Every structure is written in structure tokens, then in C-alpha cells.
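# Structural overview
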Amino acid sequence: MPFLAPTCHRHFDEIGSTNTALIHAIESGHLAHTISHLYTADYQTAGRGQHGRTWVSGENNVFLSLYIPMGKGVFELNTLSGLLSVAVGFELAKLPIIQTVNEHRRTKQLPTLGVKWANDVGFYDDELDLFKKLAGILIEPVFKKIEKNTLTGVVIGIGLNVNNSPKIKDGLYQATCLQELFADLDIFAQELYIPIANAIFEAIKTCNHCKEPSHLQHFIDQFNQNHLLSDKLIHVFIQNNMGDIHAKGKCIGIGNQGELLLNDNGKIKQIFAGMAKIVN
């Protein structure tokens, strides 16, 4: 497993957004764009999530951003595609701490944590008919003026709730945290920084290998077997518009570019962006 050298990791007691700060540091030349960098923080005042949302802060939660350069190296990203988003979510759901929680929940016959397209980690609360979100992922490209405006890499932001479950306003989902799911856990957010960074590196390796058709199909099969939406009736909404259904159908998996595939009365629809909700 890769390991980040201490010189590549900067921790903040408080920051606006680890993603924003890291992107600015790369684009301004303060940090080299050719190697990986890790930013973490105890607290965010302006955290950002997907679809223009804020990512709510909480005490002893993970706020982490990892910069990955573009390139042909083992831990560089060969090509940016939608597969990166689903691969990061897939690897994050495999974290040992999450598997420990799942083992505990199985003994109590409770729904287990997994990945929901595109890259949310959590579980479905059948009683509340609601997705409980443990972790979210925000991937942003980084451009730098070299000879021309060039894509130099990506920043992958991870927010994972360890001891705090913030309230989500719009009601499409609610948050959960590790402590809420397994009260006997004794873990601090800082202990998860390296495991999460290594999970991201594994996702990078997966994406790079997916240029080979056999590796791509193997990953798609693995993702679909572990996908919380598989074989479920789905409604997809765009950004915060919960009034209009953008697409609907039975989830039959993901496609070659990480897109969601829905079967709507025999017609296969490809969904590249949006928020998916199970319809009971």
C-alpha cells in the first residue's frame, strides 16, 4: 500500500475548505503539481459537497482532501473519467472500520453500509424510507497555467462522519456517523487519514487498470454486486430540484464511464449526473 510522506501532509485546526485551500495551493504554485499532497482539518467553516451543497462540519469528523497528479506513474491518474467517482466510493466502502461496523450490524440483522451511485457511502433505513449518509466525496479538476491552461491533476475531497451526525436540511437523505452505528467503537478521525488516502490510491490504480477491457468489466461487475441501488426502482433528481423527476427506472448497474444505467420500460437510460433515490 502507498504511504504519504509527512512532508506531503498538512493538517489544520480550522480551515474554510480543504478542497478549496489545496486547489489554490497547487494553482498558485505554492505546492508542486507533480506530486501528491494531503490536506486534513479538525473543522471546516465553508465545506463544500456535491451539486453546490455545503458539507456540514462536526466535531471529530474527517475532513480530507488528496491531490493526485495526472501522469503515467503508478499513483498518478492516467485519464480523468466518471469511473474515478464510483471507484473512490467503492474503495471507501471497503475501509476496515466500515467492515467492522457491518459485521456488528449483521449480528443485529440491520442493513449494512455500502456505496450508492455515484459515490455516497451509507445505508438505507427501511423504517424511515431514507438513505443514511456516512461519507461523501467531491472530486474537482485542477488546472495550472503552464504553456496553456493545463489539467494537472484532481483534488479528491472526503467527508466522513466519525462522532457527529449533522442535520441535512432538504430531507433527501440524513447523516449518520460511526459512533451512532456502533457505540463501542473507540476511534478518532485522525486515525482514518492514512487508510482513507490509501483507499483513494487504490481507486486510482483501479481507474488506470480499467483502460484494459477485462479489468473494466471486472470492476463494473464488482461494483454492481455491492451497489445499494442494484435492481431497485430509482428516481433521479438534478441538483436540489426535488420537484421534478429527471429520470426513473430499475437500476441495472453502471456503464463503462461510471454512468448509472436505468431500465425504463425496456429503454436503457444512461445517467451521468444527479441524485438517485430508491422508490418503494
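## Considerations on the overall build of the protein
What the protein contains, in helices and strands, is six helices and 13 strands. Against the 2.2 N^0.38 benchmark of 19 Å for 280 residues, the protein shows a C-alpha radius of gyration of 18 Å, consistent with a compact globule. In the protein, which comprises 280 residues, the share counted as buried stands at 54%. Accessible surface, the protein as shown: approximately 13,300 Å² in total, 51% of it carbon and sulfur. When the 24 positive and 27 negative side-chain charges of the protein are each reduced to one mean point, those points stand 6 Å apart.

## Remarks on the side chain of Asn 60
For Asn 60, the location among the structural elements is in the loop between β2 (37-41) and β3 (62-69). Accessibility expressed as a relative area gives 17% for Asn 60, which makes it buried. Only 2.9 Å separates the side chain of Asn 60 from the backbone nitrogen of Ala 189, close enough to count as a polar contact.

## Thoughts on the confidence of the model for the protein
Considering every residue of the protein, the mean pLDDT works out to 89; 91% of them sit at 70 or more. Mean pLDDT values over the elements of the protein span from 88, in strand β8 (residues 173-175), up to 97, in strand β11 (residues 260-264).

## Quick look at the packing of helix α2 (residues 83-92) against helix α5 (residues 193-209)
Two elements in contact, α2 and α5, have axes whose closest approach is 8 Å; the angle formed by their N-to-C orientations is 135°. Between α2 and α5, the crossing angle belongs to the class labelled oblique. Taken as a pair, α2 and α5 cross one another with a handedness that is right-handed. Of the residues in α5, those touching α2 at Leu 83, Leu 84, Ala 87, Val 88, Glu 91 and Leu 92 are Ile 196, Ala 199, Ile 200, Glu 202, Ala 203, Ile 204, Thr 206 and Cys 207. Residue composition of the contact of α2 with α5, by class: 11 nonpolar, one polar and two charged.

## Here's the deal with the packing of aromatic side chains
Per the counting criterion, the structure on display carries six aromatic pairs. Ring centres of Phe 12 and Tyr 39 lie 5.0 Å apart, and the angle between their planes is 65°; on these two criteria the pair is classed as edge-to-face. Remark: Tyr 39 occurs in strand β2 and Phe 12 occurs in strand β1 (residues 9-12); sequence separation between them is 27 residues. Look at Tyr 39 and you get buried, because its relative accessible area is 5%.

## Thoughts on the side chain of His 37
Tracing the backbone shows His 37 in strand β2. Using a relative accessible area of 6% as the deciding quantity, one classes His 37 as buried. Within the local environment of His 37, its side chain forms a polar contact with the backbone oxygen of Ala 32, the two atoms lying 2.9 Å apart. If we ignore the near neighbours within four places in the chain, the residues touching His 37 are Cys 8, Leu 22, Ile 26, Leu 31, Ala 32, Ser 65, Leu 66 and Tyr 67.

## Considering α5
The end-to-end C-alpha distance of α5 is 25 Å, a good match for the 24 Å that 17 residues give at a rise of 1.5 Å each. For α5, a buried count of 13 out of 17 residues is recorded, marking the element as mostly surrounded by other parts of the structure.

## Some words on the environment of Ala 135
Following the sequence through the fold, Ala 135 ends up in strand β6 (residues 130-145). Residue classification places Ala 135 among the buried positions, given a relative accessible area of 0%. In this structure the C-alpha to C-alpha distance between Ala 135 and Gly 159, which are 24 residues apart in sequence, comes to 5.5 Å.

Criteria and thresholds
Residues numbered from 1 in each chain as written. Predicted model: local features only at pLDDT ≥ 70, side-chain atom pairs only at ≥ 80, totals over all residues. Heavy atoms only, no water. Helix = DSSP H or I, 4+ residues; strand = E, 2+ residues; numbered from the N terminus. Rg over C-alpha atoms; globule rule 2.2 N^0.38 Å. Buried < 20%, exposed > 50% of the residue type's maximum accessible area, 1.4 Å probe, protein only. Areas by Shrake-Rupley, 256 points an atom, 1.4 Å probe, with all protein chains shown as cover. Lys, Arg positive; Asp, Glu negative; His and termini not counted. Charge placed at Lys NZ, Arg CZ, Asp CG, Glu CD. Polar contact = N/O pair within 3.5 Å; in protein donor to acceptor, adjacent residues only side chain to side chain. pLDDT = per-residue confidence, 0-100. Axes fitted to C-alpha atoms, helices over the stretch in contact; angles between N-to-C directions. Parallel < 35°, antiparallel > 145°, perpendicular 65-115°, else oblique. Left-handed = near helix turned anticlockwise from the far one by under 90°. Contact = heavy atoms within 4.5 Å. Nonpolar A, V, L, I, M, F, W, Y, C, P; charged D, E, K, R; others polar. Phe/Tyr/Trp six-rings, centres within 6.5 Å; stacked < 30°, edge-to-face > 60°. Expected span 1.5 Å × (residues − 1).

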